[in-house]
Amino acid sequence: MNNQFKKGVLDLCVLTILSKGDSYGYDVADTLSQKIQLSDGTVYPILRKLASDGYVSTYLKESQNGPPRKYYHLTDEGKKLLVEEKNDWDTFTKAVKEILEGIEE
């Protein structure tokens, strides 16, 4: 998949994953990489930006496999952003599909 395609939609994908439940960075990256080819370290800058913008919050949780892990939680503002971004994405992809298929409404 073209990197430019991915660049614009990864925030939406991360927000969607976090809407299913709190998760730590590696889990978010692993979930994404099962569907989308990503380079190492792609997800962490997105998580940091979403946290600094107030769309996700973080907390530490003890781990059985080592030091505590930083978990990410979707805030109320993040939930609102997810709805807005998903609506924008749906509108955009519908328009692109119509163009690619030569459909006019």
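Residues numbered from 1 in each chain as written. Predicted model: local features only at pLDDT ≥ 70, side-chain atom pairs only at ≥ 80, totals over all residues. Heavy atoms only, no water.

Student: Can you explain the packing of aromatic side chains? Please cite residues and give values.
Tutor: Geometrically, a pair of aromatic rings is defined through the distance of the ring centres and the angle of the planes. One pass over the structure, following the stated rule, counts 3 aromatic pairs. Seen from their ring centres, Tyr-59 and Tyr-71 are 5.7 Å apart, and the 15° between their planes marks the pair as stacked. One end of the pair, Tyr-59, is in strand E2 (residues 56-63); the other, Tyr-71, is in strand E3 (residues 66-74), with 12 residues separating them in the sequence. Residue classification places Tyr-59 among the partly exposed positions, given a relative accessible area of 33%. Taking 6.1 Å as the distance between ring centres and 40° as the angle between the ring planes, the aromatic pair formed by Trp-89 and Phe-92 counts as tilted. On the criterion of helical spacing, the pair formed by Trp-89 and Phe-92 is a turn pair, its members being 3 residues apart in helix H5 (residues 76-101). On the basis of relative accessible area, Phe-92 is assigned to the partly exposed category, the value being 48%. (Phe/Tyr/Trp six-rings, centres within 6.5 Å; stacked < 30°, edge-to-face > 60°. Helix = DSSP H or I, 4+ residues; strand = E, 2+ residues; numbered from the N terminus. Buried < 20%, exposed > 50% of the residue type's maximum accessible area, 1.4 Å probe, protein only.)

Student: Would you mind going over the sheet that holds E2 in detail, with residue names and values included?
Tutor: Read from one edge to the other, the open sheet built from 3 strands follows the order E1-E3-E2, with strand pairing classed as antiparallel. In this open sheet, the two strands that pair with only one neighbour each are strand E1 (23-24) and E2. Bridge analysis of E2 against E3 gives 7 bridges, and the strand direction is antiparallel. By the bridge assignment, Lys-61 is partnered in E3 with Arg-69. (Pairing = 2+ DSSP bridges.)

Student: Mind laying out the side chain of Thr-75, listing which residues take part and the relevant values?
Tutor: Mapped onto the fold, Thr-75 is located in the loop between E3 and H5. For Thr-75, a relative accessible area of 18% puts it in the buried group. Once residues lying within four places of it in the same chain are set aside, the contact partners of Thr-75 are Gly-54, Tyr-55, Val-56 and Ser-57. (Contact = heavy atoms within 4.5 Å.)

Note that every value here comes from positions in space, so none of it alone points to a role or purpose.
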